[in-house]
Structures are given as C-alpha cells and as structure tokens.
Amino acid sequence: MVKNGKSFGWINYKTFAQKSLDAHMNAYGGEDRLWLGPEGSKFALFFKPHTKMEFAYWHTPTAFDFENWRLTSSTDKKASLSKTTRVLNYQGTIFNLDIIRDIEVLEPVDEKKMLGISFDSKIKSVAFSTTNTIINTSSFAWDKNSGAPCLWNLDMFTPSAKTVIVVPYDNDATGKVATTDYFGQIPPDRVKYNNGILTFKADGKSRGKLGMPPGRTKKLAGSYDAENNVLTIALFDVDPKATYLNQEWRTDRDPFVGDAVNAYNDGPLKDGTQMGPFYEIESVSPAAFLKPKEGLTHKHSVFHFTGDKDELNQIALKTLGISLQDIQAAFK
C-alpha cells in the first residue's frame, strides 16, 4: 500500500471537522457512497410529506447520511457491511429494510476481465467492486401504490478544469438520450452528443445533473482528467426491461419512468455557497418491488487508470468508444 499516493476520490475534510451535523447533507465524500432513491417525485425519500421540492426542504435521510454501518467481516481485500433501518417517503409510507454491502479491491487480472481490456506495466491502476443488496423487512409488499426505494451508487471525484465525463449510449434506441434539467437546464456548451457519445464538462464550477434511461445506457460511464492524466471507468448493472424511478425534484411526471445512470457536476448554489467542488458518476438499481423478506442486488465497480497516454487511449477506445484526444476536444 502506498500511503502517500494520489487519492482519486473527493474527500470533504471540513465535514469531518464540523461540530454539528448539516441539515441537508453531511458530505463526507468518498469514491463510492450508497444512498437509496428516489430523491424526488411523488415517492421521494429526500422531502418530507407536503413540503416543497426546493433545496431549503431537501434533507438526506439519516439512514444513509450519517448512521453507522455494522462491519460483519473483513479481509485485506474485502469488507462486508450491513444495516437495519427505515425510511419515510413523500407519500408517508415507512419502509423497514436491511441493507448489505460488500466492497472488494480488484486485482489487474479482474480489471482486464471485467472490462475486456489489456494493459502492461506502463499503466498503473486501482479498482474496486461493490455488491449492494436491499431486503424488505416491512410487513407489506413494496409496490406502485406504496412506492418503492432503489439502490443508488454515487462516485465522488475531484474535478479539474480539464475533466470531462463520458457516457456512451445506444444511438439506435428510441426515446430521449438524456434528461439534462434536473437542477435547471445544463447549458449547451457543457453537454454534447456525438454519434453515441455524451460528453459533460466536469470542472466543479456549474451545478448541473443529467440522467440516461436504461434503454440508452451501455452499462458503463467514465471520465478523463487531462490535467492529471487519469482515466476513470464505472461499470454497473442495468436491466433495460425493468422499472426505474424518476428522481427529479417534481411530482408532475410519471414516478416509474426514470434513469439508470446519472452524472453530476457541482457548482455554486443560488446563495453562493457550494458543497464541493466535486463531480459524480452514479448508477441506480430498478425499483425494489419486493415482498416481505425478498431482496434486490445491484453491482457497481470503479476503475482508475494512469500512465502512458497511448495505452490509456486504447483503454478509452475499448471501453468508452472515444479517444482521449476527442474527449479533450469536446469543450475546447
């Protein structure tokens, strides 16, 4: 282990030092955090019943904001965590649930197999995989009347002036490519579409979020930080036939038509304050329509590569379907 090596995840040291809890979100940061969704919609978990869906009323449920996890087992490469908790949705439904989370460091042989790539000693890498399971411990089935939660993996990374998020998509699929107005419309000079490749500027200077539906995503996303020469790939489960939840901060759209992958670029709020800066690559599970004692599992893995640019370029082409040069040229 290299203790003085570069950290790819964004860590908010101010949160660890604060003397009181933040009312909205205790943004500790980290390579991958696990939340439950939906964030918004008529079944939202982040807004109390009958409140306005505005930042002033947005609160991360304590169940996955700062509540402790139980460490059930650990090795040098793997940790298993569990939690028993409950959450309240916008309709007033209380969900009792268990969550199980396994986090495992991956070896280069695993990285190559999972991504279908090859690389040599000119590339340095670090990667991990998470397996996340939610279990219904309520006395009733979670359905379209009660609403249902979903598992939500969020990767928090440090932005730079030359960081670009890349989300490949199926160019032949029908329907919209992406929702780009979660927090107001993302300006057109910050998000672009080109023959099955969506690029999104991730400099931490303009708050915006986008999402891609399950029928469009290719089950991975990534980013390239040209300033630090870091290529990041996120690989995750997607079921194009399943129901995904709408997470927008509004109640006038179908709550059971949502996105499978999201990307977020942090920026100043209206009052000038800012949580980060950071940027995120996110994936969600389908809606957990579960009977009592049933479970749903969602897998999400993260890979970081740095080193020889020609080798990095080959990894980018193989996984994201775009060259490093074209990624860098997207927002020049």
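Report follows, based on the coordinates. (Residues numbered from 1 in each chain as written. Predicted model: local features only at pLDDT ≥ 70, side-chain atom pairs only at ≥ 80, totals over all residues. Heavy atoms only, no water.)

## A few points about the overall build of the chain
Check the secondary structure of the chain and you find five helices and 15 strands. Its C-alpha atoms give the chain a radius of gyration of 19 Å, within 12% of the compact-globule value 20 Å for 332 residues. Reported as C-alpha extents along the three principal axes, the dimensions of the chain are approximately 55 × 45 × 45 Å. Across the chain, the fraction of contacts at a sequence separation of at least 24, relative to all contacts at a separation of at least 6, is 72%. Carbon together with sulfur atoms contributes 50% to the accessible area of the chain, which is approximately 15600 Å² in total. Across the chain, the mean location of the 40 positive side-chain charges is 1 Å away from that of the 39 negative side-chain charges. (Helix = DSSP H or I, 4+ residues; strand = E, 2+ residues; numbered from the N terminus. Rg over C-alpha atoms; globule rule 2.2 N^0.38 Å. Contact = heavy atoms within 4.5 Å. Areas by Shrake-Rupley, 256 points an atom, 1.4 Å probe, with all protein chains shown as cover. Lys, Arg positive; Asp, Glu negative; His and termini not counted. Charge placed at Lys NZ, Arg CZ, Asp CG, Glu CD.)

## What about the packing of aromatic side chains?
Under the defined criterion, the tally for this structure stands at 20 aromatic pairs. Residues Trp10 and Phe278 carry aromatic rings whose centres are separated by 4.7 Å and whose planes lie at 40° to one another, so their mutual orientation is tilted. Taken together, the residues span a long stretch of sequence, with Trp10 in the segment before helix H1 (13-17) and Phe278 in the loop between strand E13 (261-265) and strand E14 (279-284) at a distance of 268 residues. Through pairs of rings, three or more aromatic residues link up here, namely Trp10, Trp35, Phe46, Phe47, Phe55, Trp58, Phe64, Trp152, Phe183, Trp249, Tyr264 and Phe278. Just above the ring of Phe183 sits the side chain of Arg207; from NZ or CZ to the centre is 4.0 Å. Over the aromatic face of Tyr182 sits the side chain of Lys209, whose NZ or CZ is 5.0 Å from the ring centroid. (Phe/Tyr/Trp six-rings, centres within 6.5 Å; stacked < 30°, edge-to-face > 60°. Lys NZ or Arg CZ within 6 Å of the ring centre and 35° of its normal.)

## Side note on the environment of Ser301
Relative to the assigned elements, Ser301 resides in strand E15 (residues 295-307). For Ser301 and Phe128, which are 173 residues apart along the polypeptide, the C-alpha to C-alpha distance reads 5.7 Å. When neighbours within four sequence positions are excluded, Ser301 is seen to be in contact with Met114, Phe128, Ser129, Thr130, Ile233, Ala234 and Leu235. Side chain to side chain, Ser301 and Ser129 meet in a polar contact 2.8 Å long. (Polar contact = N/O pair within 3.5 Å; in protein donor to acceptor, adjacent residues only side chain to side chain.)

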